[in-house]
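# Structural overview for review
This is what each chain is made of:
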Amino acid sequence: MALTEEQKAIIYWADESGISNVENYEKGFAPKGHPPVLLVETKKERINMLSVISANGSLKFMLYEESMNQQRLIQFMRQMTIISKQKINILDFRQSACALWEKGCPLAE
């Protein structure tokens, strides 16, 4: 924290989450001895979100459909550095990626 204050950096806390329109399991009702029939077929839809929030309430996020990977994480961090007017620290993200970022990962530049 002292280093962050000395550098006049903003601390962002990060999280990744996803939502889907279907349950983990489908269920239906049928009289005893008859198999359940689901009349409505649903197309599985999924969207993921990578987001960060600062102590002063500044919120940044990125929506994506595919799985999280290194390139997507680096893309998000690059965007954060482009839009930020000061140095940033991202905490509680993916520990190994954050360690690279703090050490000055060449892909982050």
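Residues numbered from 1 in each chain as written. Predicted model: local features only at pLDDT ≥ 70, side-chain atom pairs only at ≥ 80, totals over all residues. Heavy atoms only, no water.

### Details of the confidence of the model for the protein chain
Formally: The predictor attaches a confidence to each residue, called pLDDT, with possible values from 0 through 100. By the criteria applied, helices consist of DSSP H or I runs no shorter than four residues and strands consist of E runs no shorter than two, each listed in order from the N terminus.
Per-residue pLDDT for the protein chain has a mean of 76; in total, 71% of the residues score no lower than 70. When mean pLDDT is compared element by element in the protein chain, strand S3 (residues 59-64) scores highest at 92, while helix H3 (residues 95-102) scores lowest at 52.

### Digging into the nonpolar core
Filter applied, for reference: The criterion is simple. A nonpolar core is a set of buried Ala, Val, Leu, Ile, Met, Phe, Trp, Tyr and Cys residues joined through side-chain atoms within 4.5 Å. Burial classes follow relative accessibility: with a 1.4 Å probe on protein chains only, a residue under 20% of its type's maximum area counts as buried, one over 50% as exposed, and anything between as partly exposed.
Counting residues in hydrophobic clusters, the biggest one holds 13 residues, and the most contacted among them are Tyr12, Leu50, Val52, Phe76, Met80 and Ile90. Within the residue set of this core, elements represented by two or more residues are strand S1 (10-20), strand S2 (46-54), S3, helix H2 (70-83) and strand S4 (88-91). For this core, the element with the most residues is H2, which contributes 4 residues.

### Some details on the pairing of S1
In summary, the side chains of a regular strand alternate between the two faces of the sheet. To be explicit about the condition: For two strands to count as paired, DSSP must find a minimum of two bridges between them.
As judged from the 4 bridges shared by S1 and S4, these two strands associate in the parallel manner. Across the sheet, residue Trp13 finds its bridge partner in S4, namely Leu91. Bridge analysis of S1 against S2 gives 9 bridges, and the strand direction is antiparallel. Each residue of the ladder has a partner; that of Trp13, found in S2, is Ile53.

### So, the side chain of Ser51
This is how the line gets drawn: Any two residues whose heavy atoms approach within 4.5 Å at even a single point are treated as in contact.
Mapped onto the fold, Ser51 is located in strand S2. Taking the relative accessible area as the measure of exposure, Ser51 reaches 14% and is therefore buried. Apart from residues no more than four positions distant in its own chain, Ser51 is found in contact with Trp13, Ala14, Asp15, Leu59, Lys60 and Phe61.

### Here we look at the sheet that holds S3
Defined as follows: Every axis corresponds to a line fitted to the C-alpha atoms, with the helix fit spanning only the stretch in contact, and the corresponding angles, defined between N-to-C directions, vary from 0 to 180 degrees.
With mixed pairing, the 4 strands of this open sheet are ordered in space as S3-S2-S1-S4. Pairing within the sheet leaves two strands with one partner each, and these edge strands are S3 and S4. Neighbour-to-neighbour, the strand axes of the sheet open up by a mean angle of 25°, direction not taken into account. Bridging between S2 and S3 involves 6 bridges; their strand directions are antiparallel.

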